[in-house]
Structure formats: C-alpha cells, structure tokens
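Coordinates in review
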There are 2 protein chains.
Amino acid sequence: MKQINVGLLGIGTVGGGTFNVLMRNQQEIAGRAGHPIVITRVADRNLELARQVTAGQVTLTDDAFSVVNDPDIDVVVELIGGYGIAKELVLTAIRNGKHVVTANKALIALHGNEIFAAAREQGVIVAFEAAVAGGIPIIKALREGLAANRIEWIAGIINGTTNFILTEMREKGLAFADVLGEAQRLGYAEADPTFDVEGIDAAHKLMILAAIGFGMPMKFDQAYTEGITRLESKDIRYAEELGYRVKLLGITKRCEAGVELRVHPTLIPEKRLVANVNGAMNAVLVKGDAVGPTLYYGAGAGAEPTASAVIADLVDVARMMTTEVAARVPYLGFQSGQIVDLAVLSISEISSAYYLRLRVSDKPGVLAEVTRILGDRAISIDAMMQKEPAEGEDQADIVILTHTTVEKNMDMAIAAIEALSAIEGKVTRIRMEELGR
Amino acid sequence: MKQINVGLLGIGTVGGGTFNVLMRNQQEIAGRAGHPIVITRVADRNLELARQVTAGQVTLTDDAFSVVNDPDIDVVVELIGGYGIAKELVLTAIRNGKHVVTANKALIALHGNEIFAAAREQGVIVAFEAAVAGGIPIIKALREGLAANRIEWIAGIINGTTNFILTEMREKGLAFADVLGEAQRLGYAEADPTFDVEGIDAAHKLMILAAIGFGMPMKFDQAYTEGITRLESKDIRYAEELGYRVKLLGITKRCEAGVELRVHPTLIPEKRLVANVNGAMNAVLVKGDAVGPTLYYGAGAGAEPTASAVIADLVDVARMMTTEVAARVPYLGFQSGQIVDLAVLSISEISSAYYLRLRVSDKPGVLAEVTRILGDRAISIDAMMQKEPAEGEDQADIVILTHTTVEKNMDMAIAAIEALSAIEGKVTRIRMEELGR
C-alpha cells in the first residue's frame with residue numbers, strides 16, 4: 001500500500017480539523033482508501049500555531065510554494081481561502097502534476113473554469129467537496145449519486161451564519177442587528193460578516209451546485225445575491241402566522257430560457273423538512289426528474305465536519321490517482337465536451353410567488369386599488385392578512401401572498417402600488433418557493 | 001466511447017423505470033458516464049409485458065440464464081428479487097466475469113458475504129445502491145462521502161409502507177388494521193404485507209447499512225426485528241402529547257461490546273427532522289465522529305426513484321470497469337482485509353430509553369409500587385402522564401418515559417410491574433431514541 005503524501009496549506013480551523021481527524025481515524029481511513037494518507041508537510045504563516053497543532057510530527061514551513069513545488073507531495077490540500085495567493089498556489093500545484101483538494105468555494109466559483117482547464121491539461125484531480133455545505137457529501141450525491149437524473153432545481157440552506165441568525169430572529173423575535181451581535185460573540189459570525197449576511201458566500205456555493213447539477217461553466221458574476229440585512233422580524237412573524245418559515249436560500253432552476261441562479265430570503269411552507277433546518281445547520285434539496293426531491297442535511301461548517309469532506313476527497317484521490325483520466329468522475333460531473341454554456345437569467349426574468357407587505361393608512365379603498373393593480377397584471381392572490389395598527393400608530397400592515405408571476409411583472413405592480421397615496425413607504429417583497437414536487 | 005451493454009433481468013416496476021429513465025436521459029447519462037449505457041437484452045417471464053415496455057428496441061427472452069451467459073453483455077442488472085433464482089443468476093453472472101447491479105436487499109443481506117467473495121475472486125463489481133432507501137444515494141454517502149469518519153450509529157426510516165401506515169395512523173387516529181387495508185388499496189402495501197409490516201424488509205436494509213458503516217460481514221440472522229402490527233394508535237397519540245413521534249426505525253450502533261442491530265417502533269423527539277419524514281418517504285440519519293449527524297431524505301421506493309439508484313450504479317460501473325480493482329470502492333467500503341467480524345448484541349443487551357404504558361385500576365398505591373420497582377433497578381423516570389379512565393371504564397392509562405437502561409434490566413422491571421395485582425394485562429413498551437449529538 002503506497003502511502004499518499006499530503007501537503008497541507010493552512011492549518012487554521014479546517015486545517016487543524018483535517019490534521020486531527022486524519023490522525024485519529026488513520027486506521028479506519030487507510031482501511032477504506034487502501035492507502036495510508038499522511039500529511040507530511042504543512043505550510044502556514046503562523047509557524048507557532050502549526051507547531052502546536054502538529055506536535056512536531058510534520059515538517060513545517062511558512063513558504064507554501066515550497067510545498068506545492070515539493071516532488072514528494074502527491075496531493076495539495078488548499079485551506080488558505082480567498083482567491084489571491086490561493087489561486088496561484090493551486091495553479092502551481094496543478095502545473096507540477098499534483099492533485100488538489102480544496103475547501104475554497106470563492107476560488108472554485110470565480111476561477112473554477114481556469115482551474116479545471118489547467119487540471120485537465122495536466123491530468124490531475126481537483127476535488128472540492130468541502131467547498132459546499134461542509135461535511136454534507138452533496139457534491140458526490142449530485143455528481144455521482146444522482147447521475148441518472150436530469151436535475152430540475154436545487155435549493156439550499158448553504159450558509160450556517162445566516163441560518164443561525166434567522167433561527168434566533170424567529171425564536172426570540174429579535175432584530176437582525178441584535179442577533180448579529182450575538183452571533184459574533186458566539187463565533188458564528190465573523191467580525192466583518194458581509195460575505196455571509198449579504199449572501200455572497202451562499203452564492204459561491206450555489207454557483208458550484210448549479211455548474212455540477214446542470215453541467216455548465218462557472219458564471220459567478222451573473223448570480224443574483226440578496227442578503228438578510230434588511231429582513232425585519234415582523235415579516236418572519238407574519239410569515240409564520242401564514243404557515244411559512246423564512247430562510248436564506250440559494251436557488252437554481254433549469255428553465256427553457258436558461259438557468260435561474262439566485263440567493264435571497266425565501267418563504268417556505270413550514271411542513272417542508274428544509275423549513276425546519278435550524279441553527280447553523282445546512283441542507284440542500286435537489287429535485288431530479290427520476291428520483292424526485294431528495295434532501296441532504298448536516299453541519300455546513302466547523303473544523304471536523306469540513307475536515308470530513310476534505311478527507312473524503314483525499315480518499316477518492318488516493319483510489320483514483322493511478323487510474324486513467326476517463327475512469328475518474330469529471331470535475332463538473334459531465335465529460336468536458338458535454339459542458340453547455342447555459343444562459344443565466346437576470347432576476348427580472350425569474351418566476352416566483354411573492355410575499356408582499358404594505359403599510360397603509362386607509363385600508364378599505366386601498367385594498368381595492370391594490371388588488372386591481374395585481375389583477376391587471378394577472379397576478380393572483382393566494383392569501384391576504386390585515387394586521388391591526390400597532391398601539392399608537394395609524395398605519396396598518398397588509399400582507400399578501402401571490403401566486404407565481406415573472407419578477408419584472410411584480411416589479412411594475414409594486415411600483416404602481418407604491419405610487420398609491422395611501423401606501424406608506426416601500427412595499428416589502430420576499431420571494432416564496434413551494435419546493436414540492 | 002465504448003458502449004456499455006446491459007442485460008436487464010426483470011422488467012417489472014423498477015425494471016420498467018430503469019428502461020425508461022435510461023432512454024429518456026440517455027444523452028445526459030452518457031455525458032456523465034463517458035460511455036453510452038444501453039440495455040441490449042431483457043429477460044422476463046412475461047414476454048408480453050417486456051414487449052410493451054421496450055417497444056421492440058431490445059432483444060427479449062424468457063430465459064434469464066441466456067442473458068448472464070451472453071458474452072456481449074458487460075453488466076447484468078438483477079431486478080428479479082428474492083434469493084432463489086436471483087442468487088443463482090447473480091453468481092453465474094459473476095463467474096462469467098460480468099459486473100452486477102442489483103436492487104435486491106434480501107439477496108445482499110442474506111448472501112452478500114458469498115456474493116462479494118465470488119466477485120472479489122473474479123475482479124468484478126457488485127453494486128447495490130438501489131437495495132437501500134431507493135433513490136437516496138445513501139450507500140455512496142456512507143461508503144465514500146463519510147469515509148473520513150468512524151461511524152457511531154445509523155438510524156433510518158427505510159421502509160416506506162410502514163412509514164405511510166404510521167403517518168396515517170397518527171394523522172387520522174386510525175387503527176393499524178384499518179390503515180393497512182387502505183395502504184393495500186392504494187398500492188403502498190402488498191397483498192401479503194408481512195415483510196414490510198413485520199420489519200423484515202427494513203432489517204435487510206439495516207444489515208447492509210451496518211456492514212458498510214462499520215466494515216463488518218452480513219449477519220442478518222442476528223438482527224432483531226419487531227414490526228408495527230401491535231402498535232396502538234393511542235400510543236401514537238400519547239407519544240405526541242409528550243412531544244414525540246413514533247417511527248419504525250432501523251437502528252445500528254457501534255458499542256464497546258459489539259454492534260446493536262435492531263428494527264422496531266421508536267419514539268423520536270418531534271423536533272428532529274427525521275421525526276417529520278411522513279408518508280412513504282425514507283430518511284437515513286448517520287452519525288460520524290467527525291461530521292456529526294447527517295441526514296439523507298428522499299423516495300425509498302417506486303419505479304423511477306429506484307431506477308435512479310440502479311443507473312447511478314451503472315454509471316459507476318461504466319467508469320470503473322476498465323480500472324484495476326484497487327482503484328474501485330470496495331464492496332463494503334473497507335478493503336477486504338479490513339472487514340472485522342464484529343459481534344451483534346442480542347436485544348436484551350442493547351441500551352435504550354423506554355416509553356411504558358400501564359393500565360392500572362388503583363392509581364395512588366400502584367404508582368408508588370411501579371416507581372419503586374423502576375428505582376430498585378436504577379431506571380430513572382424522565383416523564384410521567386396519567387390519563388383519565390375512558391368513559392365507562394375503570395382502568396386508567398399511565399405513561400412513563402424512562403432514561404436509558406439495558407434492555408434486560410427493563411425486561412425484569414416490566415415483569416415485576418406486570419406481577420402487581422393492580423396492573424391490568426401487559427405493559428406496552430416502545431423504545432425511544434434521542435438521535436441528537
């Protein structure tokens with residue numbers, strides 16, 4: 001059994017987890033892989049940390065390039081993150097004929113096309129299970145487990161930070177800003193939470209899921225991204241009264257005109273399993289034409305859950321590195337000649353049902369006007385709820401759930417509603433998904 | 001791209017689904033597999049049915065052995081079921097150097113050791129994703145996706161018929177026998193429902209999951225199997241009042257003394273996702289030491305969901321059939337030398353919490369005696385509920401939820417409780433699982 005020599009770039013949270021799980025379960029892992037998988041070199045700027053984690057069992061360096069250039073290294077595990085130095089290291093490793101395992105969703109979503117092209121040329125594996133939904137083996141499920149299916153849509157809770165915040169907002173009735181502070185204290189949110197709360201992190205992962213699901217190149221700049229920062233806890237409450245939960249979903253659908261690719265807060269019927277995924281957990285719902293809806297749930301982040309995915313990739317690499325390329329699962333699940341450059345629909349072209357909240361001063365007359373505006377645009381109303389004005393307020397909230405329409409149609413309806421004199425301020429609009437058959 | 005020639009044995013529900021999905025998605029599937037996968041021969045006793053399904057595009061026969069002996073066939077798909085002729089056909093196919101894909105859980109659970117040994121000798125693949133939980137890619141998740149983990153336990157709703165019956169019993173307050181009749185009319189239950197309602201089908205699947213999860217040989221005769229036929233709807237109702245749902249679970253755990261391997265009705269906290277898997281759907285919860293709990297949900301039966309799994313296996317075979325054996329995923333996920341003959345614990349040795357229902361005629365004195373009996377055996381009480389006697393009845397139900405104890409300890413406590421003069425009839429006992437961290 002040839003030993004697989006792994007060079008680890010970055011020994012922070014996930015790197016430390018990877019090192020520890022590989023040590024703890026080395027017998028089990030070798031028993032599965034058919035080869036001992038051993039981290040023989042670690043690069044990190046923080047040598048002191050690296051020393052603590054590895055306890056002197058590994059050669060350390062602060063020069064990551066010396067690892068990717070080391071002829072004794074079979075596989076490079078990139079856990080640095082970002083797309084500056086990480087990209088350069090990954091491409092250098094590939095050019096040196098090394099296989100690469102990465103947890104870097106930003107790198108794959110933005111530079112995957114270039115990276116896969118380089119890897120194809122060199123005949124090396126680039127594996128990235130850990131880039132999406134942490135420990136959940138969703139890449140494998142989608143790329144291999146559902147290979148018989150034409151994938152129709154994918155919808156996922158793929159950012160734990162925002163799911164934690166939304167869960168707290170719902171359970172405690174707190175405002176976004178208050179929960180964010182708590183999440184930061186607990187370590188669930190970063191000091192600069194922009195990537196998480198604005199939906200960018202989720203969009204990176206969604207892009208990867210779409211590319212694999214539909215066999216299309218990465219087109220991250222065309223993803224629509226809307227975060228949870230403007231979400232009010234009263235909308236979460238109203239949604240709940242109507243039988244819905246609000247989740248930040250990444251949604252991608254194959255339509256006739258192209259592919260929808262969007263991240264935004266979404267109302268989901270509470271009876272769906274995915275609506276009941278709480279706290280920092282992740283879940284991905286995949287609809288295949290043969291299998292129907294399937295769901296994959298687990299920890300989407302954290303040292304050992306992410307390490308679980310990194311090591312699963314290492315086991316795959318250990319098994320496959322000596323085979324001919326044709327025997328390997330292609331990077332995006334489809335053979336390279338089968339990747340189709342599908343168009344990404346702009347957000348105004350997507351179809352959705354909607355939750356609308358209006359603040360009105362003069363209910364009876366306004367309601368007739370609002371329903372006329374919607375009716376004129378062939379937008380049918382599924383449910384409506386009027387709330388009493390709050391103590392000491394004149395305006396009342398009206399909540400409307402609509403059936404499906406095209407977003408640009410809804411944009412025009414909302415503009416017309418906002419132009420009504422009895423409507424106070426902006427209309428709050430949250431998209432809704434059934435996520436059934 | 002070499003075409004993969006498939007011989008299909010049995011063109012009933014799943015066989016027809018496999019044929020149809022392969023036809024409909026042939027371009028997509030070839031794009032993933034790198035090879036066209038084509039059913040070139042079909043064997044079925046019902047040639048008329050086979051003719052209707054295949055519409056004259058395939059060579060038909062009623063002699064399955066002529067297919068497994070056909071030198072032009074690369075892969076045999078066995079969808080006959082049972083372990084008589086199916087076993088003989090599979091072993092003949094293997095001896096002829098053909099790869100085998102099967103959905104036959106009974107065959108794998110009972111004869112897997114022999115089949116894998118024969119396949120190993122011939123260097124052929126035997127794939128069986130469709131044998132467990134239909135379209136959910138749980139074999140792949142467990143065998144590859146979670147390869148980094150020491151699997152601690154697996155708990156699954158892996159029989160759709162019983163989950164449909166339990167869902168109806170709960171939602172409509174009906175008795176088992178009434179719902180069974182309805183399920184039979186709807187086609188969710190067979191005319192002879194024994195395999196499903198007595199938990200045998202679930203135990204077949206559980207055995208396969210345990211073998212893969214823990215790397216142990218099949219020992220189906222040592223599984224504990226208890227079905228849902230004696231379950232009363234009032235226990236489902238009482239459980240719900242206490243915050244629990246009753247599900248038929250297959251549970252396997254790795255303990256110091258061996259492996260628990262058991263199928264029985266189980267109380268689960270309603271807040272768990274798996275407690276909210278309703279109707280005929282399946283879900284498998286897997287706890288790995290690194291990844292934590294993960295859950296896989298989808299359709300566990302039906303023509304196209306099961307076909308989805310069969311074809312995923314065919315895609316794997318198409319990719320891997322030309323590689324050396326070492327590059328393939330081993331049958332049970334572990335290299336053959338790493339399979340450990342773990343002991344299966346008898347049901348009296350397992351540990352569980354319990355739901356107990358007692359019918360008592362004289363509450364105050366009895367309760368003291370019951371709690372003394374439990375206390376004497378160090379069984380602590382987690383919750384207790386007394387119900388009013390029903391109209392016109394003297395006896396009342398008392399429900400007790402206990403903390404964890406060893407089953408044989410509970411057996412003795414129950415015997416002592418049943419010996420009390422104020423206790424009417426047998427104590428109803430349902431095991432409970434937290435299924436948390």
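Numbers given to residues run from 1 along each chain, matching the order in which its sequence is written. All chains are assigned letters beginning at A, and all ligands numbers beginning at 1, according to the order in which they are written. Local features in a predicted model are, by the rule used here, given only for residues with pLDDT of at least 70; side-chain atom pairs are given and counted only at 80 or more, and totals for whole chains, interfaces and linings are based on all residues. Side-chain metrics rest on all non-hydrogen atoms present in the structure, leaving aside hydrogens and water.

Remarks on the overall build of chain A
Strands are runs of DSSP state E lasting at least 2 residues, helices are runs of H or I lasting at least 4, and numbering of each runs from the N terminus. Helices and strands together make up the secondary structure of chain A, namely 15 helices and 17 strands. Radius of gyration here is computed from C-alpha atoms only, and the compact-globule reference equals 2.2 Å multiplied by the residue count raised to the power 0.38. Scaling as 2.2 N^0.38, a compact globule of 437 residues should have a C-alpha radius of gyration of about 22 Å, and chain A matches this with 24 Å. Projected onto the principal axes, the alpha-carbon positions of chain A cover approximately 80 × 45 × 35 Å. When burial is assessed residue by residue, chain A has 63% of its 437 residues classed as buried. By definition in these notes, contact holds between two residues if any of their heavy atoms fall within 4.5 Å. Here the analysis covers contacts within chain A between residues at least 6 apart in sequence; of these, 73% occur between residues at least 24 apart. Where accessible areas are quoted, they stem from the Shrake-Rupley method and a 1.4 Å probe; at the residue level, only the protein chains shown are allowed to cover. Looking at chain A as shown, the accessible area adds up to about 15,700 Å², and 48% of this sits on carbon and sulfur atoms. By the counting rule applied here, Lys and Arg register as positive and Asp and Glu as negative, while His and the ends of each chain are not counted. Charge coordinates come from a single atom per side chain, which is NZ of Lys, CZ of Arg, CG of Asp or CD of Glu. Placing the 43 positive and 55 negative side-chain charges of chain A at their respective mean positions leaves the two points 4 Å apart. Type-normalised accessible area, obtained with a 1.4 Å probe on protein chains alone, sets the label of each residue: buried when under 20%, exposed when over 50%, and partly exposed for intermediate values.

Points about the side chain of Glu78 of chain B
Residue and element names in this part refer to chain B. By secondary structure assignment, the location of Glu78 is in strand 4 (residues 75-78). Within 3.5 Å is the distance limit for a polar contact, defined as a pair of N or O atoms, with the added protein rule that one can donate a hydrogen and the other accept it, and that residues adjacent in sequence qualify only through two side-chain atoms. Polar contacts involving the side chain of Glu78 include one to the side chain of Asn104, which spans 3.3 Å. Ignoring any residue separated from it by four or fewer positions in sequence, one finds Glu78 in contact with Leu9, Ala86, Val90, Val101, Thr102, Ala103, Asn104 and Leu107.

Examining the side chain of His264 of chain B
Residue and element names in this part refer to chain B. Within the fold, His264 resides in strand 10 (residues 259-269). There is a polar contact of 2.9 Å between the side chain of His264 and the side chain of Arg262. Among residues more than four places away in sequence, those in contact with His264 are Tyr224, Glu226, Lys247, Leu248, Leu249, Ile251 and Arg431.

Some points on the UniProt feature "binding site: L-homoserine" (unreviewed entry) in chain A
Residues and elements named next belong to chain A. Residues annotated in UniProt with the feature "binding site: L-homoserine" (unreviewed entry) correspond here to Glu190. Relative to the assigned elements, Glu190 resides in the loop between helix 9 (176-186) and helix 10 (194-197). Contacts of Glu190, omitting those with residues within four sequence positions, involve Gln184 and Asp196. UniProt positions are given in the numbering used here, feature names are shortened, and annotations may be inferred rather than shown by experiment.

Remarks on helix 2 (residues 26-33) of chain A
Residues and elements named next belong to chain A. With six of eight residues buried, helix 2 is to be regarded as a mostly interior element. Taken together, the buried positions of helix 2 are Glu28, Ile29, Ala30, Gly31, Arg32 and Ala33. Phi turns positive, to about 80°, at Gly34, one or two residues after helix 2.

Quick look at the sheet that holds strand 1 (residues 4-9) of chain A
Residues and elements named next belong to chain A. Criterion used throughout: strands pair if DSSP finds at least two bridges between them. Read from one edge of the open sheet, six strands run 3-2-1-4-5-6, paired in parallel fashion. Every interior strand has two partners, whereas the edge strands, strand 3 (59-61) and strand 6 (126-127), have only one. Here an angle of 0 to 180 degrees is reported between the N-to-C directions of two axes, which are lines fitted to C-alpha atoms, with helices fitted over the stretch in contact. Packed onto the sheet, helix 3 (residues 47-54) meets strand 2 (37-43) and strand 3 and runs at close to 160° relative to strand 3.

Things to note about the relation of the copies chain A and chain B
Take chain A, turn it by 180°, move it 0.0 Å along the axis, and it overlays chain B with an RMSD of 0.0 Å. Taken together, these values place the two copies in the relation of a two-fold axis. When C-alpha positions in chain A are compared against the rotation axis, the closest is assigned to Tyr296 of chain A, at 2.4 Å. Least-squares superposition aligns the copies on the C-alpha atoms of those residues with pLDDT at or above 70 in both.

Comments concerning the interface of chain A and chain B
If you look at the interface, chain A gives 63 residues, while chain B gives 63 residues. Two parts lose some accessible area (1.4 Å probe) when they are put together, and adding that loss for both gives the buried area. Buried surface at the junction of chain A and chain B, both sides included, amounts to about 4,800 Å², of which 54% is carbon and sulfur. In terms of surface lost to chain B, no three residues of chain A exceed Arg32, Leu273 and Arg319 of chain A, which account for 16% of the buried area on that side. Put simply, a salt bridge is a Lys or Arg side-chain nitrogen that is within 4 Å of an Asp or Glu carboxyl oxygen. At the boundary of chain A and chain B, one finds eight salt bridges. Listed by contribution, the elements that provide at least two residues to the side of chain A that touches chain B are helix 1 (13-24), helix 2, helix 7 (138-145), helix 11 (200-214), strand 12 (292-299) and helix 13 (303-320) of chain A. Tallying contributions element by element places helix 13 of chain A first for the side of chain A that touches chain B, with nine residues. Each residue gets one of three labels, nonpolar for Ala, Val, Leu, Ile, Met, Phe, Trp, Tyr, Cys and Pro, charged for Asp, Glu, Lys and Arg, and polar for the others, Gly among them. A breakdown of the residues in the side of chain A that touches chain B according to their chemical character gives 32 nonpolar, 16 polar and 15 charged. The sheet contact formed by strand 12 of chain A and strand 12 (residues 292-299) of chain B spans three bridges and is antiparallel. Paired with Leu295 of chain A across the two strands is Tyr297 of chain B, which belongs to strand 12 of chain B.

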